[in-house]
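Chain by chain, the residues:
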Amino acid sequence: MIYADDTAIMEVMPEPDEGVDLIAALEAILFSSQRALTMKELQNALETNRQRLNAAVDGLMVVLSQRGVMVQRHGDQVQLVTRPDLGPFVRRAVHPEVAGRLTPAAYETLAIVAYQQPVARSRVEEIRGVNCESVLGNLELRGLVAETGRGSGPGQPKLYGTTMRFLQLVGLGSVSDLPQLADEAEEETSAQNA
């Protein structure tokens, strides 16, 4: 670990494999990919082990920390994306097709899925107090939520979670970067004061 002055910026540099800069190779693969790649896919492509790959991903995050792109990591998937604060410039340059806006109900449902994942539709409906089948279906079509498994209850209901597309929409590096809910922040403060 190398620390710059008093900042906790860490530079992780894995040992090179036979002269190959693993971080540079990882960056090239992610840059060239049109989709998120799993850690297993990256391990196979880079012919390395999981520990070295994790170090390379961490190292690439540090290398790109002051650049126009960033690494997004969601579960076992990794991808290279444009930094959210630079989105307006990119949009002006490439003119992507504009998707319809999400409704307030869709944002509310998306927030519930993000904070409760994996979550069954029945739980989302319990929280919202209304039927959410069509809203969840719309979010699935937009690629913002996806089935992450099946519940153990009656009928084994679908469990929903957020996707890489969700991270792109909200501009986060991972789901763990979501802001704390007010109740969680109060509980944490109470626990610290006890």
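Our subject is the structure listed above.
Residue indices begin from 1 for each chain and proceed along its sequence in written order. Residues qualify for local features only when their pLDDT is at least 70, as the model is predicted, and side-chain atom pairs are given and counted only at 80 or more; totals for whole chains, interfaces and linings, by contrast, use all residues. Only heavy atoms go into the side-chain values, all of them from the structure, while hydrogens and water stay out.

Asks: Break down the pattern of salt bridges for me, with residues and values.
Replies: Put simply, a salt bridge is a Lys or Arg side-chain nitrogen that is within 4 Å of an Asp or Glu carboxyl oxygen. Evaluation of the coordinates by the stated rule reveals eight salt bridges. Across the salt bridge formed by E140 and K158, the nearest N and O atoms sit 3.8 Å from each other. Separated by 18 residues along the polypeptide, E140 in helix 7 (residues 133-141) and K158 in strand 6 (residues 158-162) bring together distant segments of the chain. Classification of E140 as partly exposed rests on a relative accessible area of 29%. Helix and strand definitions follow DSSP, with helices as H or I runs of at least four residues and strands as E runs of at least two, each counted in order from the N terminus. For the exposure calls, accessible area comes from a 1.4 Å probe over protein chains only, and a residue counts as buried if that area is under 20% of its type's maximum, exposed if over 50%, partly exposed in between.

Asks: Break down the packing of helix 1 (residues 22-32) against helix 2 (residues 39-46) for me, with residues and values.
Replies: Orientation of helix 1 relative to helix 2, taken along the N-to-C sense of each, is 120 degrees, at an axis distance of 11 Å. When the axis of helix 1 is compared with that of helix 2, the two are oblique. In this structure, the crossing between helix 1 and helix 2 has a hand that is right-handed. Judged by residue contacts, L22, A25, L26, I29 and L30 of helix 1 engage L42, A45 and L46 from helix 2. A per-class count over the contact of helix 1 with helix 2 returns eight nonpolar, no polar and no charged. Axis geometry follows a simple rule: fit a line to the C-alpha atoms, using only the stretch in contact for helices, then measure angles between N-to-C directions, giving values from 0 to 180 degrees. Note on angle classes: values under 35 degrees are labelled roughly parallel, values over 145 roughly antiparallel, values of 65 to 115 roughly perpendicular, and the remainder oblique. In this scheme the crossing of two helices becomes right-handed for a clockwise turn of the near helix relative to the far one and left-handed for an anticlockwise turn of less than a right angle. Residue contacts follow a heavy-atom distance rule, with two residues in contact if any of their heavy atoms lie within 4.5 Å. Here the term charged refers only to Asp, Glu, Lys and Arg, the term nonpolar to Ala, Val, Leu, Ile, Met, Phe, Trp, Tyr, Cys and Pro, and the term polar to all other amino acids, Gly among them.

Asks: Explain a nonpolar patch on the surface to me, and be specific about the residues and the numbers.
Replies: On the surface, a nonpolar cluster with roughly 270 Å² of combined accessible area is contributed by Y107, L169 and V170. By the secondary structure assignment, V170 is in helix 8 (residues 164-170). To count toward a patch, a residue needs a relative accessible area over 30% and no salt bridge; like charges are then connected within 9 Å, while nonpolar side chains (Val, Leu, Ile, Met, Phe, Trp, Tyr) are connected within 5 Å. The accessible surface values rely on the Shrake-Rupley method and a 1.4 Å probe; as for residues, cover is taken only from the protein chains in view.

Nothing here speaks to function; it is geometry throughout.
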